[in-house]
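Residues per chain, in single letters:
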Amino acid sequence: MPEVLLAAEAERASASLDEDVAREWPEATALSPAWLNARFRGREFVQGWTLPTTLTGLAESLIFAIDQQYPYSLPRFGLLRKPTLCEMPHVESDGIFCLVAAHVAPAVPVSFGHVCALLGKAIALYGAGTSGVNRTDFLDEFMTYWTLGERKLVDVEAWLTKEGQTTSIWFQQSKSTLYVANSKENVERLLQRREIAIDKQRLTEGLYVHLPFPMYPDSYPRNSYQLLELLRRVAPEFLTTVPKAWERSRKLLVILAFEWSGATMHGACVVEIKSSFPHPRGQGQQLISAFKRKRVSATQLFHRIRDASFPVHRAGLVQIDSDFLLTRTTGKRPPVLGGATVAVFGCGAIGAAVALQLAQAGVRRLVLLDGDVLTMQNIGRHQLGTKYVGANKALAVGREIQSRFVDMDVEAIPLDWDRAKLDDKFWDTTDIIVSATGDWLTDVKLNELTRNGVAPPIVFTWVERFALAGHAILVVPDGGCLRCRTNAVGDYLGQVSRVGGDLPREPGCGAFYQPYSAADASVTVAMTTGLTLEALTGAHEVSVQKTWVGSRTGFVTTGAGIMPEWHERLSEQQGFERTYSAALDKMTLCTQCF
């Protein structure tokens, strides 16, 4: 809608609202925009009213206000006064109530009837908050209240492997982020995978404290005295960590955790330990004088840090272990995936995308093989960006996966699989192989290894020219094989498209390439990943062939024909943009099976 029309509608809506308020809520008092913007900085309210207790029936007056986007934005209700932090649930630090779309589904443009409904919600919210009826909402939305009102000083990213118990942790700060793990070695591993310089002198010991009770806002530690007294009560055996923090980085990190509603809640406490602190009589007091530095015991230093009452900065904690990240996105995963080893041969556009999807699906160990180097020409459809140009594809894909999932076991071998001299241990410990090399000759070798019982099940995958169709074929030792679907000269009998002419090429010897976009290949990638996961979870006891056929438009625009085997299926209206699945039986003419 043009801006001039929006302005005119906003003016009409504002005038109409003024009339509705005057008629329905005559007790309400108009508030000036200047007062609203001084009281609620950053809200950009343009119109508002005080709603007295005679109107709401509450113990104090509320405010009602709109911004310049009204009637295409929700009106807001809140406290006339500025509340104390976390005074009641669902009240922001400036006193505005959180009555968002999650609670009320708005119909736009907003009408006065909707405003009245929101007022009812605001009154109910205030009543529940002042009576304590909704007190447990502080726990349900712990992270919101834990950081409410805090300036953003640091972020905390934690790779935690010992949840549920009080233990030492280690961390290093890089810029505004604290990187945390349960050991020095894991912090170094985390930093290395994030390509952050490791400073062994600044690696600092901290504490992960599992509390036997939940934390409400009135018990949040606000200074070092309150925090260390809490530690004295719940984890006295770990108090020696405090003076060590002074010696290492003058930063104390304590992660507080408790159980609530079947989940672990985490809150990070960061204390900057200064060299001096305010003296009760107004003069600066040294934490440790230069003269006494070597004579202050750990116990004395602990007491001085505690009594100095340094501020506690509360920070949100982000868990970065793959179990947390994957459970949050994929939900409950089959346990077999966590113990499976999947090898991906070929880390080009298809193989790299499959490898990443397998990691995101919960496979915890990957072996990647590719002898090729990523070039700028690959960037158009590859998962990797320009930072990896010039790097081996297998190594680069491995680095990318481990930068996302720091605890994943990824082995990258910068060779094509048939040159890598894979030993018996590899073949015996690998559960399934995905071959995305696009090389028929090496695929035939793999197919033979599976038929002879050397290799595990294999998923062969490739796309046809222009990605008009894509294939994923699972070959198991006792089922049909890749050669069961080829003719005497090796042509694949399941080919869908028929495209004339040679492949495009760059001006160089043998520089042929396949023209298709990442979007065109995405369905084949997902199909291949899905078939691999199905095989890992025992869904298939026989060999399976899956084929994705793209849109009719794709065939028309590229001038592609359709192979005879597919004419009948694709002539139907619903024949395109579908996945076709079938068992792959042994063929009596197959040289591998018979």
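Residues numbered from 1 in each chain as written. Predicted model: local features only at pLDDT ≥ 70, side-chain atom pairs only at ≥ 80, totals over all residues. Heavy atoms only, no water.

**A short note on the overall build of the protein**
Stage number 1. Broken down by element type, the protein carries 19 helices and 24 strands.
Stage number 2. For 594 residues, the compact-globule formula gives about 25 Å, and the C-alpha radius of gyration of the protein, at 32 Å, lies well above that figure.
Stage number 3. Dimensions of the protein along its principal axes, counting C-alpha atoms only, are 95 × 75 × 45 Å.
Stage number 4. Sequence separation of 24 or more characterises 65% of the internal contacts of the protein that already satisfy a separation of 6 or more.
Stage number 5. Put simply, the protein shows about 28,600 Å² of open surface, and 51% of that area lies on carbon and sulfur atoms.
Stage number 6. Between the averaged position of the 61 positive side-chain charges in the protein and that of its 63 negative side-chain charges there is a distance of 9 Å. (Helix = DSSP H or I, 4+ residues; strand = E, 2+ residues; numbered from the N terminus. Rg over C-alpha atoms; globule rule 2.2 N^0.38 Å. Contact = heavy atoms within 4.5 Å. Areas by Shrake-Rupley, 256 points an atom, 1.4 Å probe, with all protein chains shown as cover. Lys, Arg positive; Asp, Glu negative; His and termini not counted. Charge placed at Lys NZ, Arg CZ, Asp CG, Glu CD.)

**With respect to the packing of helix H9 (residues 241-248) against helix H10 (residues 298-307)**
Stage number 1. Packing of H9 against H10 leaves a shortest axis separation of 8 Å and a crossing angle of 85 degrees. The orientation of H9 relative to H10 falls into the category roughly perpendicular. When H9 is examined against H10, the residues Val 242, Pro 243 and Trp 246 are found in contact with a partner set consisting of Ala 298, Leu 301, Phe 302 and Ile 305.
Stage number 2. Its residues assigned to classes, the contact of H9 with H10 comprises seven nonpolar, no polar and no charged. (Axes fitted to C-alpha atoms, helices over the stretch in contact; angles between N-to-C directions. Parallel < 35°, antiparallel > 145°, perpendicular 65-115°, else oblique. Nonpolar A, V, L, I, M, F, W, Y, C, P; charged D, E, K, R; others polar.)

**As for the pattern of salt bridges**
Stage number 1. Scanning all chains against the criterion turns up 29 salt bridges.
Stage number 2. Where Arg 365 meets Asp 409, a salt bridge forms, and the shortest distance between an N and an O atom there is 3.1 Å. One end of the pair, Arg 365, is in strand S16 (residues 365-369); the other, Asp 409, is in strand S17 (residues 409-413), with 44 residues separating them in the sequence.
Stage number 3. Under the relative-accessibility criterion, Arg 365 is labelled partly exposed at 23%. (Salt bridge = Lys/Arg side-chain N within 4 Å of Asp/Glu carboxyl O. Buried < 20%, exposed > 50% of the residue type's maximum accessible area, 1.4 Å probe, protein only.)

**With respect to unusual backbone geometry**
Stage number 1. The peptide bond linking Tyr 70 to Pro 71 adopts the cis configuration, its omega dihedral lying at 15 degrees.
Stage number 2. Unusually for a residue other than glycine, Arg 250 sits at a positive phi of about 55 degrees.
Stage number 3. Secondary-structure assignment places Arg 250 in the loop between H9 and strand S9 (251-260).
Stage number 4. Of note in the backbone geometry, Ala 467 takes a positive phi value of approximately 55 degrees without being a glycine.
Stage number 5. Within the secondary structure, Ala 467 sits in the loop between strand S19 (458-463) and strand S20 (469-475).

**A few points about the sheet that holds strand S5 (residues 155-159)**
Stage number 1. Taken in spatial order, the eight strands of this open sheet run S13-S10-S9-S8-S6-S7-S5-S14, and their pairing is mixed. In this open sheet, the two edge strands, each paired with only one partner strand, are strand S13 (312-315) and strand S14 (317-319). Shown here is a sheet whose adjacent strand axes are inclined to one another by a mean of 30 degrees, direction ignored.
Stage number 2. Relative to S14, S5 runs parallel, the two sharing three bridges. (Pairing = 2+ DSSP bridges.)

**Considering the nonpolar core**
Stage number 1. Counting 48 residues, the largest nonpolar core has Leu 366, Leu 368 and Ile 401 as its most contacted members.
Stage number 2. Excluding its chain neighbours within four sequence positions, the residues that come into contact with Leu 368 are Val 344, Cys 347, Ala 355, Ala 394, Val 397, Gly 398, Val 410, Glu 411, Ala 412 and Ile 413.
Stage number 3. Within the second largest apolar cluster, 41 residues are counted, among which are Trp 146, Val 209, Met 215 and Leu 231. (Core = buried A, V, L, I, M, F, W, Y, C linked by side-chain atoms within 4.5 Å.)

**Comments concerning the sheet that holds strand S15 (residues 341-345)**
Stage number 1. Pairing is mixed across the open sheet formed by eight strands, whose spatial order is S17-S16-S15-S18-S19-S20-S22-S24. Of all the strands in the sheet, the pair left with one neighbour each is S17 and strand S24 (578-583). Taking each pair of neighbouring strands and ignoring which way they run, the sheet shows an average axis angle of 15 degrees.
Stage number 2. Direction of pairing for S20 relative to strand S22 (residues 544-549): antiparallel, over a ladder of six bridges. Counted as the bridge partner of Ala 472 is Lys 546 from S22.

**Description of the packing of aromatic side chains**
Stage number 1. Taken as a whole and judged by the stated rule, the model has 19 aromatic pairs.
Stage number 2. Ring plane angle 50 degrees and centroid distance 5.2 Å describe the contact between Trp 25 and Phe 112, whose orientation is recorded as tilted. Of the two residues, Trp 25 is situated in the loop between helix H1 (3-24) and strand S1 (29-31) and Phe 112 in helix H4 (residues 112-131); the sequence distance between them amounts to 87 residues.
Stage number 3. Residue class for Phe 112 comes out buried when judged on its relative accessible area of 13%.
Stage number 4. Ring centres of Phe 345 and Phe 426 lie 6.2 Å apart, and the angle between their planes is 20 degrees; on these two criteria the pair is classed as stacked. Of this pair, Phe 345 sits in strand S15 while Phe 426 sits in helix H15 (residues 424-429), placing them 81 residues apart in sequence. The same class applies to Phe 345 and to Phe 426, which are both buried.
Stage number 5. Aromatic rings pair up to connect Trp 25, Trp 49, Phe 64, Phe 77 and Phe 112 into one cluster.
Stage number 6. When the ring centre of Trp 246 is taken as reference, the NZ or CZ atom of Arg 250 above it lies at 4.0 Å.
Stage number 7. A cation sits over an aromatic face here: Arg 485 above Tyr 492, 5.8 Å from the ring centre. (Phe/Tyr/Trp six-rings, centres within 6.5 Å; stacked < 30°, edge-to-face > 60°. Lys NZ or Arg CZ within 6 Å of the ring centre and 35° of its normal.)

**A short note on the environment of Ser 435**
Stage number 1. With respect to the helices and strands, Ser 435 occurs in strand S18 (residues 432-435).
Stage number 2. For Ser 435, a relative accessible area of 0% corresponds to the buried category.
Stage number 3. The spatial distance from the C-alpha of Ser 435 to the C-alpha of Leu 369 is 9.8 Å, given a sequence separation of 66 residues.

**A short note on the pairing of S16**
Stage number 1. Most of S16 sits inside the fold, with four of its five residues counted as buried.
Stage number 2. Of the pairings in the sheet, the one linking S15 to S16 comprises five bridges and is parallel in character. Opposite Val 342, over in S16, you have Leu 366 as the bridge partner.
Stage number 3. Remark: the S15/helix H13 (residues 349-361)/S16 crossover connection has right-handed handedness. (Right-handed = clockwise from strand over helix to strand, strands pointing away.)

**Structural notes on empty space enclosed by the protein**
Stage number 1. In the structure shown here, the tally under the stated rule is one cavity of 30 Å³ or more.
Stage number 2. The computed volume of the largest cavity comes to approximately 40 Å³.
Stage number 3. The biggest single contributor to the lining of the largest cavity is helix H14 (residues 393-404), with three residues.
Stage number 4. The class makeup of the residues in the lining of the largest cavity is five nonpolar, one polar and one charged. (1 Å grid on protein atoms, 1.4 Å probe; cavity = no way out; pocket = protein on both sides within 12 Å on 5 of 7 lines; lining within 4 Å. Points joined across faces, edges and corners; volume = space filled by probe spheres on them.)

**Focus: the packing of H13 against H14**
Stage number 1. Orientation of H13 relative to H14, taken along the N-to-C sense of each, is 25 degrees, at an axis distance of 11 Å. In terms of axis orientation, H13 runs roughly parallel to H14. With respect to the hand of their crossing, H13 and H14 are arranged in right-handed fashion. Contact with H13, carried on its side by Ala 352, Ala 355, Leu 356, Ala 359 and Gln 360, involves Val 397, Ile 401 and Arg 404 of H14 and no other residues of that element.
Stage number 2. Within the contact of H13 with H14, the residues separate by chemical class into six nonpolar, one polar and one charged. (Left-handed = near helix turned anticlockwise from the far one by under 90°.)

Don't take any of this as a statement about function, it's just geometry.
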